[in-house]
Amino acid sequence: MTSPDLELVGAYDYRLVALSVLIAILASYAALDLAGRLTSAHGKARLLWLNGGAVAMGFGIWSMHYIGMLAFRLPIPVQYDWRTVLLSLVAAVVASGIALFVVSRHKMGAIRAVLGSIFMGSGIATMHYTGMAAMRLTAICSYSGTLVTLSVILAIVISFVALWLTFYSRGETTAWSWRKMHSALVMGAAIPVMHYTGMAAARFTASPSVHGNRAHAISVSSLSVAGVTIVTLTVLGLVLLTSLADRRFSLQAMELESSRRHRQVTEKALDAFIEMDSDGLITDWNAQAESTFGWSRSETIGQTLSQMIIPDRYREAHNNGLRMFLATGQGPVLNKRIEITALHRDGTEFPIELAVSAIRWGERRLFSAFVRDVTDQKRAQQELGRKVEELARSNAELEQFAYVASHDLQEPLRMVASYTQLLAQRYKGKLDADADEFIGFAVGGATRMQQLIQDLLSYSRVTSKGQSFQLIDSKAACDNALKNLQRSINDSNAVVRVGPLPTVLADARQLTQLFQNLIGNAVKYRNERTPEIHVAAVPKVDQWVFSVRDNGIGIAPQHSERIFQMFQRLHTTNEYPGTGIGLAICRKIVERHGGNIWVEAQPGRGSTFVFTIPRAERAKK
Amino acid sequence: MNSRSIEILLVEDSLGDVRLTQEALRDAKVQNTLHVASDGMEATSFLWRLGKHANAPRPDLILLDLNLPKKSGREVLEEIKLDPSLKSIPVVVLTTSAAEEDILRTYQLHANCYITKPVDLEQFLKIVKAIDNFWLAIVNLPSAAK
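As the structure is a prediction and not an experimental result, all values here were calculated from the model.

1. Here we look at the overall build of chain A
Okay, so step 1: Per the secondary structure count, chain A includes 18 helices and 20 strands.
Okay, so step 2: Classification of the 621 residues of chain A by burial places 33% in the buried group.
Okay, so step 3: Across chain A, contacts joining residues at least 24 apart in sequence account for 73% of those joining residues at least 6 apart.

2. Some remarks on the overall build of chain B
Okay, so step 1: Across its full length, chain B holds 5 helices and 5 strands.
Okay, so step 2: Counting from the amino terminus, helix and strand elements in chain B follow one another as β-α-β-α-β-α-β-α-β-α.
Okay, so step 3: Residue burial in chain B is summarised as follows: out of 146 residues, 33% are buried.
Okay, so step 4: Of the contacts formed within chain B by residues at least 6 apart in sequence, a portion of 69% connects residues at least 24 apart.

3. A word on the pairing of strand S1 (residues 6-11) of chain B
Both faces of the sheet carry side chains from a regular strand, because those side chains alternate between them.
Residues and elements named next belong to chain B.
Okay, so step 1: Counting buried residues along S1, 5 of its 6 residues qualify, which places the element largely inside the surrounding structure.
Okay, so step 2: Two strands pair when backbone bridges link them, and S1 and strand S2 (residues 32-37) are joined in this way by 6 bridges, in the parallel orientation. If you follow Leu 9 over to S2, its bridge partner there is His 35.
Okay, so step 3: Between the parallel elements S1 and S2, the chain passes through helix H1 (residues 15-26) in a crossover that is right-handed.
Okay, so step 4: Judged from the 4 bridges that link them, S1 and strand S3 (residues 61-64) form a sheet pairing that is parallel. In the strand pairing of S3, Leu 9 is matched with Ile 62.

4. Structural notes on unusual backbone geometry
All names here are of chain A.
Okay, so step 1: Phi is positive for Asn 335, close to 55 degrees, though the residue is something other than glycine.
Okay, so step 2: Residue position: Asn 335 is located in the loop between helix H11 (312-328) and strand S11 (337-343).
Okay, so step 3: The phi dihedral of Asn 493 falls on the positive side, at around 55 degrees, and the residue is not glycine.
Okay, so step 4: Tracing the backbone through its elements, the reader meets Asn 493 in the loop between helix H15 (486-492) and strand S15 (495-498).

5. Thoughts on the interface of chain B and chain A
Okay, so step 1: Across the boundary between the two partners, chain B contributes 8 residues, which contact 10 residues of chain A.
Okay, so step 2: At the level of elements, H1 and helix H5 (121-138) of chain B are the ones that each hand at least two residues to the side of chain B that touches chain A.
Okay, so step 3: Here the side of chain B that touches chain A takes 3 residues from H1 of chain B, the largest share from any one element.
Okay, so step 4: Its residues assigned to classes, the side of chain B that touches chain A shows 4 nonpolar, 3 polar and 1 charged.

6. Quick notes on the sheet that holds strand S20 (residues 607-614) of chain A
All names here are of chain A.
Okay, so step 1: Sheet architecture is open: 5 strands sit in the order S15-S17-S18-S20-S19, paired in mixed fashion. For this open sheet the edge positions go to S15 and strand S19 (597-601), each flanked by a neighbour on one side alone. Across this sheet, the average inter-strand angle for adjacent strands is 15 degrees, counted without regard to direction.
Okay, so step 2: Pairing between S15 and strand S17 (residues 532-539): 4 bridges, direction parallel. What sits directly across from Val 496, in S17, is Ile 533.
Okay, so step 3: Where helix H16 (residues 508-524) meets the sheet, its contacts fall on S15, S17, strand S18 (543-549) and S20, and the angle it forms with S18 comes to roughly 25 degrees.

7. Thoughts on the nonpolar core
Residues and elements named next belong to chain A.
Okay, so step 1: Judged by nonpolar contacts, the single largest core of 67 residues is most densely connected at Ala 27, Ala 30, Leu 34, Met 57 and Ile 67.
Okay, so step 2: The greatest single-element share of this core, amounting to 15 residues, is contributed by helix H1 (residues 14-40).
Okay, so step 3: In this structure Ala 30 touches Ala 56, Met 57, Gly 60, Leu 236, Val 239 and Leu 240, once residues within four positions along its chain are discounted.
Okay, so step 4: With 43 residues, the next largest nonpolar core counts Leu 457, Leu 511, Ala 522 and Val 590 among its residues.

8. So, the packing of helix H2 (residues 40-47) of chain B against helix H3 (residues 73-82) of chain B
Residues and elements named next belong to chain B.
Okay, so step 1: At a minimum axis distance of 9 Å, the contact between H2 and H3 shows a crossing angle of 20 degrees. Taken together, the axes of H2 and H3 are roughly parallel relative to one another. For the element pair H2 and H3, the recorded crossing hand is right-handed. Residues Gly 40, Ala 43, Thr 44 and Leu 47 of H2 lie in contact with H3, whose contacting residues are Gly 73, Glu 75, Val 76, Glu 79 and Ile 80.
Okay, so step 2: Its residues assigned to classes, the contact of H2 with H3 shows 4 nonpolar, 3 polar and 2 charged.

9. Quick word on the confidence of the model for chain B
Okay, so step 1: Residues at a pLDDT of 70 or more form 95% of chain B, whose mean pLDDT is 84.
Okay, so step 2: Looking across chain B, the model is least confident in H5 of chain B, with a mean pLDDT of 82, and most confident in S3 of chain B, with 91.

10. Focus on the environment of Thr 166 of chain A
Residue and element names in this part refer to chain A.
Okay, so step 1: Inspection of the secondary structure assignment puts Thr 166 in helix H5 (residues 145-169).
Okay, so step 2: With 26 C-beta atoms packed within 10 Å, Thr 166 lands in the buried category.
Okay, so step 3: Along the sequence, Thr 166 and Leu 32 sit 134 residues apart, while their C-alpha atoms lie 5.2 Å from each other.
Okay, so step 4: In contact with Thr 166, not counting residues within four places along its chain, are Ala 31, Leu 32, Ala 35 and Val 103.

11. Topic: the pairing of strand S12 (residues 349-361) of chain A
Residues and elements named next belong to chain A.
Okay, so step 1: In terms of strand pairing, S11 meets S12 through 7 bridges, oriented antiparallel. Along S12, the bridge assignment pairs Thr 341 with Pro 351.
Okay, so step 2: In textbook terms, the turn of a hairpin is the stretch between consecutive antiparallel strands, and for S11 and S12 this stretch comprises 5 residues, one of which, Gly 347, has a positive phi near 90 degrees.
Okay, so step 3: Bridge count between S12 and strand S13 (residues 364-373): 10 bridges; the pairing is antiparallel. Within S13, the position partnered with Ile 352 by the bridge is Asp 373.
Okay, so step 4: Connecting S12 to the next strand, S13, in antiparallel fashion are 2 residues, including Gly 362 with a positive phi near 65 degrees.

12. Concerning the sheet that holds S11 of chain A
Backbone-to-backbone hydrogen bonds join strands into a sheet, with any given pair of strands oriented parallel or antiparallel.
Residue and element names in this part refer to chain A.
Okay, so step 1: The strand order across the open sheet built from 5 strands is S10-S9-S13-S12-S11, with neighbouring strands paired in antiparallel fashion. Only two strands of the sheet have a single partner each, and these edge strands are strand S10 (282-285) and S11. In this sheet, adjacent strand axes meet at a mean angle of 30 degrees when their direction is disregarded.
Okay, so step 2: As defined by bridge partners, strand S9 (residues 272-277) adjoins S10 across 3 bridges and the pair is classed as antiparallel. Note on S10: the bridge partner recorded for Glu 275 is Asp 284.

13. Observations concerning the packing of helix H13 (residues 433-464) of chain A against helix H17 (residues 582-592) of chain A
Residue and element names in this part refer to chain A.
Okay, so step 1: Between H13 and H17, the shortest axis-to-axis distance is 10 Å and the interhelical angle comes to 5 degrees. By the angle between their directions, the pair H13 and H17 is classed as roughly parallel. Facing Ser 458, Tyr 459, Val 462 and Thr 463 of H13, the residues of H17 in contact are Ala 584, Ile 585, Lys 588, Ile 589 and Arg 592.
Okay, so step 2: Residues belonging to the contact of H13 with H17 are distributed by class as follows: 5 nonpolar, 2 polar and 2 charged.

Calculation rules
- Residues numbered from 1 in each chain as written.
- Chains lettered and ligands numbered in written order.
- Predicted model: local features only at pLDDT ≥ 70, side-chain atom pairs only at ≥ 80, totals over all residues.
- Helix = DSSP H or I, 4+ residues; strand = E, 2+ residues; numbered from the N terminus.
- Buried ≥ 20, exposed ≤ 12 C-beta atoms within 10 Å, placed from the backbone.
- Contact = placed C-beta atoms within 7 Å.
- Pairing = 2+ DSSP bridges.
- Right-handed = clockwise from strand over helix to strand, strands pointing away.
- Nonpolar A, V, L, I, M, F, W, Y, C, P; charged D, E, K, R; others polar.
- Axes fitted to C-alpha atoms, helices over the stretch in contact; angles between N-to-C directions.
- Core = buried A, V, L, I, M, F, W, Y, C linked by C-beta atoms within 7 Å.
- Parallel < 35°, antiparallel > 145°, perpendicular 65-115°, else oblique.
- Left-handed = near helix turned anticlockwise from the far one by under 90°.
- pLDDT = per-residue confidence, 0-100.

Have a look at this one:
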């Protein structure tokens, strides 16, 4: 095969290759750094960083590429068309801009990363092959399709890796980090790989007839190589320096802003804020401190704290405490809330709650305290304490009164009742009809009053004569109650079913009385049906819920509260005998055990009395 | 011995109760003489034959209230049960209190029985008659020790 054309074999100038790799690494580092700045910038600053960054990074990549091209030496002179060269620079800048934009977003999903790397990779490939097209030489340039494709794929893959690395290293807040350097090395080494693959795809065949358009062609001297290198390094260096300065500056700005913000926080705090140095001199005093203690900030700064706000008699203790802490580091009042007495400007003393913490600021030791005037809370607390005491006393008095009254009232009442009865026995029918009737009323009234007093007595005994709580089987208590009610149960043919009942912490006698009253009511307030009574208990989270269900006359909902009050009845004594104490006693017993009692009922459809008792295993804790 | 009238000492400050007891014992099966001491001091004077009670008979049965002026029924009971010549006399405590601690303490002091005064007249009469019946007719009492 004869051909007048001769394939030209190129050679690399390895110094320039090394230079190109170095520039690639530097450009990568600059890109990583820029991404970090870009992410933390907002508004105009962000736009500026994006544009400046794209130019600098594009310039860097382009410069790497060009030096790589220049490192390739052909045996014939090569000139470059400067307009095309310029176009390739634009491609590099655009690719960099896209890359920076993608990595500086808050989120980067897989799709975004892939799209970004396709754009960026295509941009770099465009730059590369546009740059190649700028070559003006007496040879034909042909490409190996496989290698071109490979170089484009490499460009995209490298872009993807670059984006990924950049995105995850952008959070680095320091200007220098090994992590960033590693990423830069990977990226910087990978970019030349794409470049030199692209170069390898080109094949130059000498053809003297080919000149190309040389109207704008210039030849590249060693001087221009040096120029490009210096400009590139300068630009990238400037970018890094600017980035460093900006980082410093923004950090300082952030610190300043944060300290101003904290100043505002302490100033606006609802608590008084006071700071004191190790000499006991006041170094800070906020607005609330002014209103709490009556001294203004300017009057207090630099003054001795103990003189200003600590009552005379506590000053010594305060100073000792301070000395002890400075000497030993022991501060029993530090880092907790304590209550002490403070001194107001007007000489009055008042209670405060404060939390003191010690801080070290360089060489200095400072003590800061948040202080709250607790005069109102104190007063409210005392008031509450007094009320509780009063209530307890009046309660005890009432109990005592009820017990004594009913006990001592019994004696004279027994006399009245006994002698009216004796009168009735001896003289019934011997006096006139009026006398019989009057004696009858007197006997009835006395008897009824006796019953009321008995009830009052047993009501007050629930608390005054209550036994201590023991773990008892509530089934046994229920059985005792049934035994006591044996006669009325038999008389009414009532059917009583008792489900499994738990062991509870209770006063056994009172629990028996409780069951007895409830079951007794269920028997008493029956209708024409045979009484059916069901006693059961179910466990809830922390209590047992007992129920006594009947099929009796029921209760209208509006009376469901009234029936638990003392001597409140829904029926006359003629309809159903009784004084109306039973359920009041029930409620008192249940409440003494820490439970509740209520009724669920409808007239004519029976009643269910429900009461709760705390579960023993929980109550014991 | 049945022909002898039974001597009963009632220690009771309430005139009403004294009268009721008298009424109840009026038609008792056994003939009896009811002596009344209205407080604890008088009861001891009667029992130990002090002062105006120098000629008092030794009672066959004592009905003792617990709440008494001057000296409580408990003290009287204690003194009776400590005296060898008196401790064999049955003491029936008849009181308004139904308190468990009263009942327990009274038996610990060797009372022979404890009865809560019923509020109802019928009950009261029944109880006094029962006392009369049990202690005076059924039980064999030791003959008076001199």
